[in-house]
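One-letter residues, chain by chain:
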Amino acid sequence: MEFLSETAIIAGVAIMTGGWIVNTWLRIKNGYPLENSWGKAVYPKNDQAVERVKLLTQENAELRAELGSLKDRLGNVERIVTDSGYHLTSEIDRLRDKSEAN
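Residues numbered from 1 in each chain as written. Predicted model: local features only at pLDDT ≥ 70, side-chain atom pairs only at ≥ 80, totals over all residues. Heavy atoms only, no water.

## Some thoughts on the overall build of the protein chain
Here comes step 1: The helix and strand tally for the protein chain stands at 3 helices and 0 strands.
Here comes step 2: Shown N-terminal to C-terminal, the secondary structure of the protein chain runs as helices and strands in the order α-α-α.
Here comes step 3: Per element, the accessible surface of the protein chain, about 9700 Å² overall, is 61% carbon and sulfur. (Helix = DSSP H or I, 4+ residues; strand = E, 2+ residues; numbered from the N terminus. Areas by Shrake-Rupley, 256 points an atom, 1.4 Å probe, with all protein chains shown as cover.)

Okay, here's the thing in structure tokens:
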């Protein structure tokens, strides 16, 4: 009985290993990229994948530049709102007084 259970375990491992080999061979044959244990592509298989990476890199750079400009604009708005709230009111009142004097 012990021989039968050991044989079953060895046969199971051999079947799973063979299935993994056949699966990998089919993926390579059909042009799918190989994946690591986390599902990420190991190497881009074709030119489309390389082109897509280039486009995504370019789009990422554009979005980072836009985000930087938005941060600058937001910083200016925050500076205007927080720093010169009282000063702005006093300047408006001073301008009103000048226009009423004329």
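## Notes on the pattern of salt bridges
Here comes step 1: Summed over the entire model, instances satisfying the criterion amount to 1 salt bridge.
Here comes step 2: Arg-96 is paired through a salt bridge with Asp-93; the nearest N and O atoms lie 3.9 Å apart. Of this pair, Arg-96 and Asp-93 both sit in helix H3 (residues 85–101), 3 residues apart, which is roughly one turn of that helix.
Here comes step 3: Assessed through its relative accessible area of 36%, Asp-93 is described here as partly exposed. (Salt bridge = Lys/Arg side-chain N within 4 Å of Asp/Glu carboxyl O. Buried < 20%, exposed > 50% of the residue type's maximum accessible area, 1.4 Å probe, protein only.)

## With respect to the UniProt feature "transmembrane region" (unreviewed entry) in the protein chain
Here comes step 1: Here, UniProt's "transmembrane region" (unreviewed entry) annotation points to residues 6–26.
Here comes step 2: As annotated, residues 6–26 comprises 100% helix and 0% strand, and the C-alpha atoms at either end are separated by 30 Å. (UniProt positions renumbered as here; feature names shortened; annotations may be inferred.)

## Section: the UniProt feature "coiled-coil region" (unreviewed entry) in the protein chain
Here comes step 1: Residues given the UniProt feature "coiled-coil region" (unreviewed entry) here are residues 46–80.
Here comes step 2: Taken end to end, residues 46–80 is 97% helix and 0% strand, and its first and last C-alpha atoms sit 52 Å apart.

## Some details on a nonpolar patch on the surface
Here comes step 1: Residues Leu-74, Val-77, Ile-80 and Val-81 make up a contiguous nonpolar surface patch of roughly 380 Å² in combined accessible area.
Here comes step 2: With respect to the helices, strands and loops of the structure, Ile-80 is situated in helix H2 (residues 47–83). (Patch = residues over 30% accessible without salt bridge, like charges linked within 9 Å, V, L, I, M, F, W, Y side chains within 5 Å.)

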